[in-house]
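# Descriptive analysis of the structure
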Amino acid sequence: MNINWFSARRIGVDLASSTEIGLCRGLERAGNNVHLISPGMKNSEGITKHTVVEQSRFRGLQTISLGREINKLIIEEDECITRADVCIVDWRLVPSLWKGLKKMGDNWFIIDRGPPVYSGFLTELQKIQWKRAWKLANEYAKAGFVVSRKHEEFVRKRVETELQIIDLPAGIDISHFKGESKIPGDELVLIYSGRIDANRGISQMLKLRNYSEKIGKVISIRIMGEGNDVEEIRRVSEIDNSVVYLGKLSREDVVKELEKSHVGILPMPETPVWRTSSPLKLVEYIAAGLLVIGPKHSGNSITGNHNWELLSENDEWVEECCDMINSVLSRNKWGDYSMEARGFAKSHEWSKIAKKMEEAIINSLES
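This report concerns the structure included in the present document. (Residues numbered from 1 in each chain as written. Predicted model: local features only at pLDDT ≥ 70, side-chain atom pairs only at ≥ 80, totals over all residues. Heavy atoms only, no water.)

## A closer look at the pattern of salt bridges
Which entries qualify depends on this criterion: Definition used for salt bridges: Asp or Glu carboxyl oxygen within 4 Å of a side-chain nitrogen of Lys or Arg. Per-residue accessibility, obtained with a 1.4 Å probe over protein chains only, is compared with the maximum for each type, and a residue is labelled buried under 20%, exposed over 50%, and partly exposed between these values.
Going through the model one piece at a time under the given rule, you end up with 25 salt bridges. The salt bridge involving Lys260 is made with Glu257; its shortest N-O contact spans 3.3 Å. Using a relative accessible area of 51% as the deciding quantity, one classes Lys260 as exposed. Classification of Glu257 as buried rests on a relative accessible area of 9%. In this structure, a network of salt bridges that share partners links the residues Arg149, Glu152, Arg156, Asp167 and Lys356.

Next up, the structure:
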């Protein structure tokens, strides 16, 4: 198949763009021709065919300007755009592109890797656009892709739709990781990778530094990313050397930091947005052999019982998670659970998730 993927993510810039990168590579390895159209860095991340489209630098105008530029390519009948058999369209771009997509045959699929999560006036506007995107997809798209069953429930509760919706969880390229067992020495390294926003439970995460004595090891909390709560992290890191703020790192450096760590932190609280997610970082953590801690809910965990999941049913999760860490250490099970985590991550390789996506597309086109 010739597949166009219209994404609003800045490929090679946004950390979350690893979804597009992983799935595009997986679809190509399965024999498809994939053309990614997005903002970001040209020919980044080994994507075979990538057209970079300019967008406004101003938040609130970025998606509108991006949609306008992509529509120009469609209107001009740029052969590299219009020759596709199938289009995959980021929900943010659906309101701008749906008319142009009709010109290309209506064989398109909406993809939603998560509804709006920020707060403020712009997010309220974005929620309106999100709902409109799904309504348009219900009328014109072949099917939709989300990250989890809970995410599908979230969509169906808010939009009256009979559209087929397929869940595609977060994946990983396991070849980036060493595959070795890791056992903590005198220092236990805890790590967080992702957006540093107030709605992600960052303040709870910082409480972990108070439990060094209880665990019986020196605790180091290393934090990667950027967001609206960065200044709090900077302030704490300046007065407490157990907290290290690493800033925004390249994908290669993220992997290096994960490989040096023992525990991955998933602080996101149990709210509707986080319950519906399929956190990319959870899969990255376990691929690196990390045990994971945080509040237990569907967005922070994977179905089944896993020894590496040290998640708490309590909203005030920090103390209970530290008790679980202590239990694993005292039973000398850390190395076993670390290897178990790495082994489970193999079931979430992007190639497997891309295969599910390809099969769903073919079935939808044939039905």
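Okay, back to it.
## Regarding unusual backbone geometry
Here is the rule: Secondary structure elements follow DSSP: runs of H or I no shorter than four residues count as helices, runs of E no shorter than two count as strands, and numbering proceeds from the N terminus.
You will see that Asn332, though not glycine, has its phi angle at about 55 degrees, which is positive. With respect to the element layout, Asn332 can be found in the loop between helix H13 (318-330) and helix H14 (334-345).

## Remarks on the nonpolar core
Spelled out, the test is: For this analysis, a nonpolar core means a set of buried residues of the types Ala, Val, Leu, Ile, Met, Phe, Trp, Tyr and Cys, connected via side-chain atoms within 4.5 Å.
Membership of the largest hydrophobic core comes to 83 residues, with the highest contact counts inside it found for Leu208, Ile223, Ile293 and Met357. Core analysis: the next-biggest nonpolar cluster, separate from the first, contains 31 residues, Ile70, Trp130, Ala133 and Val146 among them.

## Digging into helix H6 (residues 149-158)
Test applied: Directions are taken from the helix axis to each C-beta atom, and the arc is the one they span.
Within H6 the residues assigned to the buried category are His151, Glu152, Phe154 and Val155. Angular distribution of buried residues about the axis of H6 spans 155 degrees; they occupy a single face of the element.

## A few points about the packing of aromatic side chains
To describe a pair of aromatic rings, you give the distance between the ring centres and the angle between the ring planes. Filter applied, for reference: Between 30 and 60 degrees the pair is tilted, below 30 it is stacked and above 60 it is edge-to-face, where a pair is any two Phe, Tyr or Trp rings, Trp via its six-membered ring, whose centres lie within 6.5 Å. Charges are assigned to positions over rings by a cutoff of 6 Å between ring centre and Lys NZ or Arg CZ, combined with an angular limit of 35 degrees from the ring normal.
Per the stated rule, a full pass over the model turns up four aromatic pairs. Centre to centre, the rings of Trp308 and Phe344 are 5.7 Å apart; their planes meet at 50 degrees, and the pair counts as tilted. Here the residue Trp308 occupies a position in the loop between strand S12 (291-295) and strand S13 (309-312), and Phe344 occupies one in helix H14, the gap between them amounting to 36 residues. The aromatic ring of Phe154 is capped on one face by Arg158, whose charged end is 3.7 Å from the ring centroid.

## What about the sheet that holds strand S3 (residues 49-52)?
What counts is decided by this rule: Pairing between strands requires that DSSP locate at least two bridges from one strand to the other. To define axes, lines are fitted to C-alpha atoms, for helices over the stretch in contact only, and angles between the resulting N-to-C directions are given on a 0 to 180 degree scale. Between two residues, a contact is recorded if the distance between any of their heavy atoms is within 4.5 Å.
Within the open sheet, the seven strands sit side by side as S3-S2-S1-S4-S5-S6-S7. Their pairing is parallel. Two strands bound the open sheet, and with one partner strand each, they are S3 and strand S7 (165-167). When strand polarity is set aside, the average angle formed by the axes of neighbouring strands in this sheet is 20 degrees. In this structure, strand S5 (residues 108-111) lies alongside strand S6 (residues 143-146), joined through three bridges in parallel fashion. Bridge pairing links Ile111 to Phe145 in S6. Against the sheet, helix H4 (residues 94-103) makes contact with strand S1 (2-6), strand S4 (86-90) and S5, and its axis sits at roughly 160 degrees relative to S4, the strand it touches most.

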